Amino acid sequence: MSNKVRFDLQCLGLPFITSTIFLLVTIAGIQPAIATLRIRYEKLAIKIRKPLAQLDDLKFVSFERSPVLIADMQRMVNAEVGTTEFVYKGYVEIGSTPKSEGQRPDVETLITYYSDPRDQIPHTPEVCYRQGGAIVNSNISTNIEVPDQAGGTRRIGCRLLDMQQPGCRVALLYVFCCEGEFYDSRETTRLAIAMPGNRYTYFVKVETMVFMGAYDEFDSSVARSKRLMCEVVAALVRDHLPTNADLTD
């Protein structure tokens, strides 16, 4: 060892050299530790219990299926929702005036299911509808009361959009359900996916919307959208979404 190198080491001192060696050893061990933690805590995908295409809407008490335009709508959104597990359906209120050809249903729903722990949830209505040319007049929080499995009700928060698109006004309600809990924003749902706890993760996004005609009132359209949301969410929890036990097995 040259005199210069020996001198430099002496100047650095034993504490510095010891700390440097410790730091190098620590860095060398970080990657294996991170890999171990990822294996231990990273959530896994889980399949839906029952395909959304088998939604049992014959049990809905306020609505019945409307075939008007829905087949075309389903093909339209097929390439845009980022999942193959989705359904788009239209409904008319029981006892309402039958729809003629070319008329939209009274209320419609788009349900999409995802199970990717790295998903950043890019698809939300206020973004998608703006990209399609709609103007979002307002975006607020609202609540609905959903029947629970014990025979009572559960209050959940949703987002309510008032939008104007070419030819009509739209009253749209949406909510996320992630690992059995409900959220009204993309950010809180992302956080729920990232939080440790369950072994598996999923989220479902439910939209119900009324494309208002010339004589539709906004408040009554929102009420109709809320009624359908309650029935759809109850059916999803009952028949389709993974249970809490499924998430921890």
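Note that the structure is a prediction, hence the values are computed from the model and not measured. (Residues numbered from 1 in each chain as written. Predicted model: local features only at pLDDT ≥ 70, side-chain atom pairs only at ≥ 80, totals over all residues. Heavy atoms only, no water.)

Engineer: Can you help me understand the nonpolar core in this one?
Structural biologist: Generally speaking, soluble globular proteins have nonpolar side chains that are buried together. Ranked by size, the top nonpolar core spans 38 residues in total, and within it Ile-111, Tyr-113, Ile-144, Val-206 and Leu-236 carry the most contacts. Looking at this core, the elements with two or more residues in it are β3 (86-93), β4 (107-114), β5 (135-147), β6 (153-165), β7 (168-178), β10 (203-212) and α6 (218-240). Ranked by the residues each element gives to this core, the list is headed by α6, at 10 residues. Aside from chain neighbours lying at most four places away, what touches Val-206 is Thr-109, Leu-110, Ile-111, Leu-173, Tyr-174, Val-175, Met-229, Val-232 and Leu-236. (Core = buried A, V, L, I, M, F, W, Y, C linked by side-chain atoms within 4.5 Å. Buried < 20%, exposed > 50% of the residue type's maximum accessible area, 1.4 Å probe, protein only. Helix = DSSP H or I, 4+ residues; strand = E, 2+ residues; numbered from the N terminus. Contact = heavy atoms within 4.5 Å.)

Engineer: Just checking my understanding: could you explain the pattern of salt bridges for this structure?
Structural biologist: Note on pairing: side chains with opposite charge can pair once their charged atoms come close. With the rule as written, the count across this model stands at 14 salt bridges. A salt bridge links Arg-159 to Asp-184; the shortest N-O distance between them is 3.7 Å. Residue Arg-159 is found in strand β6, and its partner Asp-184 is found in the loop between β8 (181-183) and α5 (186-194); the two are separated by 25 residues along the sequence. The class for Arg-159 is buried, based on a relative accessible area of 16%. The network of salt bridges with common partners includes Asp-57, Arg-65 and Lys-89. (Salt bridge = Lys/Arg side-chain N within 4 Å of Asp/Glu carboxyl O.)

Engineer: Got a minute to help me understand the confidence of the model for the chain in this structure?
Structural biologist: Should pLDDT be low for a region, the predicted coordinates there are not to be read in detail. Confidence along the chain averages 84 in pLDDT terms, with 77% of residues attaining 70 or more. Looking across the chain, the model is least confident in helix α1 (residues 3-12), with a mean pLDDT of 52, and most confident in β7, with 97. Below pLDDT 50 for its whole length, residues 32-40 participates in 3 contacts with residues either more than four positions away or in separate chains. (pLDDT = per-residue confidence, 0-100.)

Engineer: Explain the side chain of Ser-115 here, please?
Structural biologist: Note that Ser-115 resides in the loop between β4 and α4 (125-131). At 2.6 Å, the side chain of Ser-115 and the backbone nitrogen of Ile-46 are in polar contact. Polar contacts involving the side chain of Ser-115 include one to the main-chain carbonyl oxygen of Thr-201, which spans 2.7 Å. (Polar contact = N/O pair within 3.5 Å; in protein donor to acceptor, adjacent residues only side chain to side chain.)

Engineer: How do you make sense of unusual backbone geometry when you look at a structure like this?
Structural biologist: Only a minority of non-glycine residues have a phi that is not negative, and only a minority of peptide bonds are not trans. At Glu-179, a residue that is not glycine, the phi angle is positive and equals roughly 55 degrees. Within the secondary structure, Glu-179 sits in the loop between β7 and β8.

Engineer: I keep staring at the environment of Ser-141 and nothing clicks. Help me out?
Structural biologist: Positionally, Ser-141 belongs in strand β5. Take Ser-141: its relative accessible area is 46%, and that puts it in the partly exposed class. In this structure, Ser-141 is in contact with Cys-158, Arg-159 and Asp-184, ignoring residues within four places of it in sequence. Polar side-chain contacts of Ser-141 include one of 2.6 Å to the side chain of Arg-159. In terms of polar contacts, Ser-141 uses its side chain to reach the side chain of Asp-184, at 3.2 Å.

Engineer: Please explain α5 as it appears in this structure.
Structural biologist: Taken together, the buried positions of α5 are Arg-186, Thr-189, Ala-192 and Ile-193. Projected onto a plane normal to the axis of α5, the buried residues spread over an arc of 120 degrees and lie on a single side. Across from the buried face of α5, at angles greater than 90 degrees, the exposed residues are Leu-191 and Ala-194. Taken together, the buried residues of α5 touch α4, β7, β8, β9 (200-201) and β10. (Arc of directions from axis to C-beta.)

Engineer: Sorry if this is basic, but what is going on with the packing of aromatic side chains here?
Structural biologist: Note on aromatic pairs: each is described by the distance of the centres and the angle between the planes. Scanning all chains against the criterion turns up 5 aromatic pairs. One aromatic cluster is present, built from ring pairs that chain together Tyr-114, Tyr-174, Phe-176 and Phe-203. (Phe/Tyr/Trp six-rings, centres within 6.5 Å; stacked < 30°, edge-to-face > 60°.)

Engineer: Help me out: how do you make sense of the environment of Leu-44 in this one?
Structural biologist: Secondary-structure assignment places Leu-44 in strand β1 (residues 44-45). Look at Leu-44 and you get partly exposed, because its relative accessible area is 34%. The residues touching Leu-44, leaving out its near neighbours within four places in the chain, are Ser-115, Arg-199, Tyr-200 and Thr-201.

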